[in-house]
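So you can see what is in the structure, the chains are spelled out below.
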Amino acid sequence: MENILVTGYRAHELGIYSNKHQGIPYIRKAIANRLIPLLEEGLQWVITPGQYGVDLWAIEAAIELKTTYPQLRCSILTAYLNPEEQWNDDKKSYFQQLMRGVDFYAAVSKEPYRGPWQFTARDDLLLRKTDGILLVYDEDAGEASPKFIKERALNKQAKDGYQVLSIGSEEIQSVADEESMNRDF
């Protein structure tokens, strides 16, 4: 796999309203743990839709991994122009900071938000340009926005062999438990 789409929950779907939330490092670490074996097998690009939540935490993890895996590139492909304009100043600042480490950024629609069709067009492009998806989503916790991209990825898997990888709450909890044990020693 050369190109992977990484996406999942929006921050608010996880009850996260601040970038200082204690759960974010565990989510980032779970993503990094899944990316490392793929990098060792030739992964070149991590691509996200750039929405506030898992998408940006994945970009942050990828930027950190670039120090060990210099061949890694990261990209954000948003649905429409300047989605961060609606965010508060802290989120905007965080986004701008991440943009300095991104290798490619583009909006699929070259205009501001006009309708849900922009998300469909973005997802079409993301699924076309990637070999697989790493989805942070736990259906057992209830339905949320990642269910739509998961359905599309599973359809693509059935037709084209698209790889579908996922990280659920148990895996993130395992990372948190491991980090806690390491701190205790």
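Residues numbered from 1 in each chain as written. Predicted model: local features only at pLDDT ≥ 70, side-chain atom pairs only at ≥ 80, totals over all residues. Heavy atoms only, no water.

**Student:** Describe the sheet that holds strand β2 (residues 45-48), naming the residues involved and giving the relevant values.
**Tutor:** The sheet built from 6 strands is open, its strands ordered β4-β3-β2-β1-β5-β6 with parallel pairing. Edge strands, defined here as strands with exactly one partner in the open sheet, are β4 (104-107) and β6 (163-167). Across the sheet, the axes of successive neighbouring strands diverge by a mean angle of 20°, strand direction being ignored. Pairing between strand β1 (residues 3-8) and β2: 3 bridges, direction parallel. Bridging from a neighbouring strand, Leu5 pairs with Ile47 of β2. Where helix α1 (residues 24-40) meets the sheet, it contacts β1, β2, β5 (132-136) and β6, and its direction lies at approximately 150° from that of β6. (Pairing = 2+ DSSP bridges. Helix = DSSP H or I, 4+ residues; strand = E, 2+ residues; numbered from the N terminus. Axes fitted to C-alpha atoms, helices over the stretch in contact; angles between N-to-C directions. Contact = heavy atoms within 4.5 Å.)

**Student:** Before we move on, could you go through helix α4 (residues 117-129) and cite the residues and values that matter?
**Tutor:** Helix length check: α4 (13 residues) gives 18 Å between terminal C-alpha atoms against 18 Å at 1.5 Å per residue, within 8%. Residues Gln118, Arg122, Asp123, Leu125, Leu126 and Leu127 constitute the buried set of α4. Where the residues of α4 are buried, they touch β1, β2, β3 (73-78) and α5 (146-160). (Expected span 1.5 Å × (residues − 1). Buried < 20%, exposed > 50% of the residue type's maximum accessible area, 1.4 Å probe, protein only.)

**Student:** Describe α5, with residues and values.
**Tutor:** Since the α-helix turns once every 3.6 residues, residues separated by three or four places project in the same direction. Look at α5: 21 Å from first C-alpha to last across 15 residues, which is about the 21 Å you get at 1.5 Å a residue. For α5, the complete set of buried residues consists of Pro146, Lys147, Ile149 and Ala153. The arc enclosing the buried residues of α5, seen along the axis, measures out at 160°, which places them on a common side. More than 90 degrees from the buried face of α5, the exposed residues found are Ala158 and Lys159. Residues of α5 that are buried in the fold lie against β1, α4, β5 and β6. In the stretch just after α5, Gly161 is the one whose phi turns positive, near 75°. (Arc of directions from axis to C-beta.)

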